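Listed below, chain by chain, are the residues.
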Amino acid sequence: MPKVAFAVNFYDGARAKQGIYFLTYSSIYTADETTDKNGNTSKKDFGLFNAQELLRLCYYSPDFVATALIPAGYMDIHSLNQDSSGLGDINLGAGYFLPIKQVDILPMLFVEFPTGVYNSSKAANIGSNQYDIKPMIFLHKTLGDFSIDAAAKYSFRLKNNTTDVLPGDELYLQCLLGYNLTDKFKLGPSINWMISKDKEQHGVTVSNSARETLSAGVDVYYRFSWLSVTFTYLYDVYTENSPKGHLFQLKTVYRF
């Protein structure tokens, strides 16, 4: 089952004050439709519901960033009469801001561990039963009341030894434009594109199994005195070999 990837949010690649930050991501992804290799509808009553709660701890020094992410969730595929719930795949990551003053640029490296609940006989799985190695680079630039946040992410997806499947590496390109309505309130349009390689099974490439998703939506951000909140909505405008649905996410950030 393809994963639901988090979009880039406001200030993801911005330098932050030194300290420890606690973040939560509460998300729901729903999809009644799946598509084939040409982007045409292959199933209209898929009935995917995926709810996830992700807890994240970050440490920022002036330049260095370290982070840990622990997800838990519930997935249901109504058309298959399958569901899964429990702990997801834990991620650990670290990065270092480049010494550039005009724009914030943050390269990071994440490793995803197969800690999640997994059953090889089911399509509905919270976990993936394989490691991912994920280099990323984030960018943030503020221009008066306007801002741009962008990210390029690549996932080296390693083999699932239970099924002998190599899922296919994934490339993500994400961009979010922002406008400050007040000094605490901002919003703007977001666009996300993902493309994968063909998967391999038992060492043989499965032709026409590559996936693609183009999603568009909006982010709304508000900063309180003690936390900030971001709401994200994304719609899958175009997909290939993937579900086509809606993502709703609420992100909070607390600084200790």
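Residues numbered from 1 in each chain as written. Predicted model: local features only at pLDDT ≥ 70, side-chain atom pairs only at ≥ 80, totals over all residues. Heavy atoms only, no water.

**Re the overall build of the protein chain**
And then number 1: Within the protein chain, the regular secondary structure consists of zero helices and 17 strands.
And then number 2: Taken over C-alpha atoms, the radius of gyration comes to 18 Å for the protein chain, in line with the 18 Å a tight globule of 256 residues would show.
And then number 3: Dimensions of the protein chain, computed from C-alpha atoms along their principal axes, come out at roughly 50 × 30 × 30 Å.
And then number 4: Across the 256 residues that make up the protein chain, the buried fraction comes to 43%.
And then number 5: Accessible surface, the protein chain: about 12700 Å² in total, of which carbon and sulfur atoms supply 62%.
And then number 6: Positive and negative side-chain charges in the protein chain, numbering 23 and 25 respectively, have mean positions lying 6 Å apart. (Helix = DSSP H or I, 4+ residues; strand = E, 2+ residues; numbered from the N terminus. Rg over C-alpha atoms; globule rule 2.2 N^0.38 Å. Buried < 20%, exposed > 50% of the residue type's maximum accessible area, 1.4 Å probe, protein only. Areas by Shrake-Rupley, 256 points an atom, 1.4 Å probe, with all protein chains shown as cover. Lys, Arg positive; Asp, Glu negative; His and termini not counted. Charge placed at Lys NZ, Arg CZ, Asp CG, Glu CD.)

**Focus on the nonpolar core**
And then number 1: Of all hydrophobic cores here, the largest spans 20 residues; its most connected members are Y21, L23, Y60, V65, L106, M108 and F138.
And then number 2: Residue assignment for this core shows that the elements contributing at least two residues are strand 1 (19-35), strand 3 (48-60), strand 4 (64-77), strand 7 (104-112) and strand 8 (132-143).
And then number 3: Leaving out residues up to four positions away in the same chain, Y60 has contacts with D12, A14, A16, K17, Q18, G19, Y21, V65 and F97.
And then number 4: In this structure, Y29, M75, I77 and A124 belong to the second largest nonpolar core, which totals 11 residues. (Core = buried A, V, L, I, M, F, W, Y, C linked by side-chain atoms within 4.5 Å. Contact = heavy atoms within 4.5 Å.)

**Side note on the sheet that holds strand 10 (residues 165-166)**
And then number 1: Taking strand neighbours across the sheet as the criterion, the three strands line up as 10-13-14 in an open arrangement whose pairing is antiparallel. Unpaired on one side and paired on the other, strand 10 and strand 14 (204-205) mark the two borders of the sheet.
And then number 2: When strand 13 (residues 200-201) meets strand 14, the two strands line up antiparallel, connected through two bridges. When the bridges of strand 14 are listed, E200 appears paired with T205. (Pairing = 2+ DSSP bridges.)

**A look at unusual backbone geometry**
For residues other than glycine, phi is negative in most cases, and the peptide bonds are mostly trans.
And then number 1: Residue Y11 is not a glycine yet carries a positive backbone phi of 70°.
And then number 2: Tracing the chain through its elements places Y11 in the segment before strand 1.
And then number 3: In the Ramachandran plot, N208 falls in the positive-phi region, its phi being about 60° despite a non-glycine side chain.
And then number 4: Structurally, N208 is set in the loop between strand 14 and strand 15 (212-223).
And then number 5: We classify N208 as partly exposed; its relative accessible area is 47%.

**Examining the side chain of T213**
And then number 1: Relative to the helices and strands, T213 resides in strand 15.
And then number 2: For T213, a relative accessible area of 15% translates into the label buried.
And then number 3: If sequence neighbours within four positions are ignored, T213 has contacts with N192, W193, M194, D236, Y238, T239 and S242.

**A look at the pattern of salt bridges**
And then number 1: Inspection of every chain in the model, using the stated rule, returns nine salt bridges.
And then number 2: Among the ionic pairs, K251 bridges to D12, the shortest N-O distance being 2.9 Å. With K251 in strand 17 (residues 243-255) and D12 in the segment before strand 1, the pair connects residues that are 239 residues apart, well separated along the chain. Accessibility assignment for this pair places K251 and D12 in one class, buried.
And then number 3: The partner of R157 in a salt bridge is D132, with the nearest N and O atoms 3.5 Å apart. Highlighted residues: R157 in strand 9 (residues 146-157) and D132 in strand 8, separated in sequence by 25 residues.
And then number 4: One connected set of salt bridges, linked through shared partners, spans D132, R157, E170 and R211. (Salt bridge = Lys/Arg side-chain N within 4 Å of Asp/Glu carboxyl O.)

**Describing the side chain of R157**
And then number 1: Its relative accessible area of 7% is what places R157 among the buried residues.
And then number 2: Looking at R157, its side chain comes within polar contact range of the side chain of E170, at 3.3 Å. (Polar contact = N/O pair within 3.5 Å; in protein donor to acceptor, adjacent residues only side chain to side chain.)

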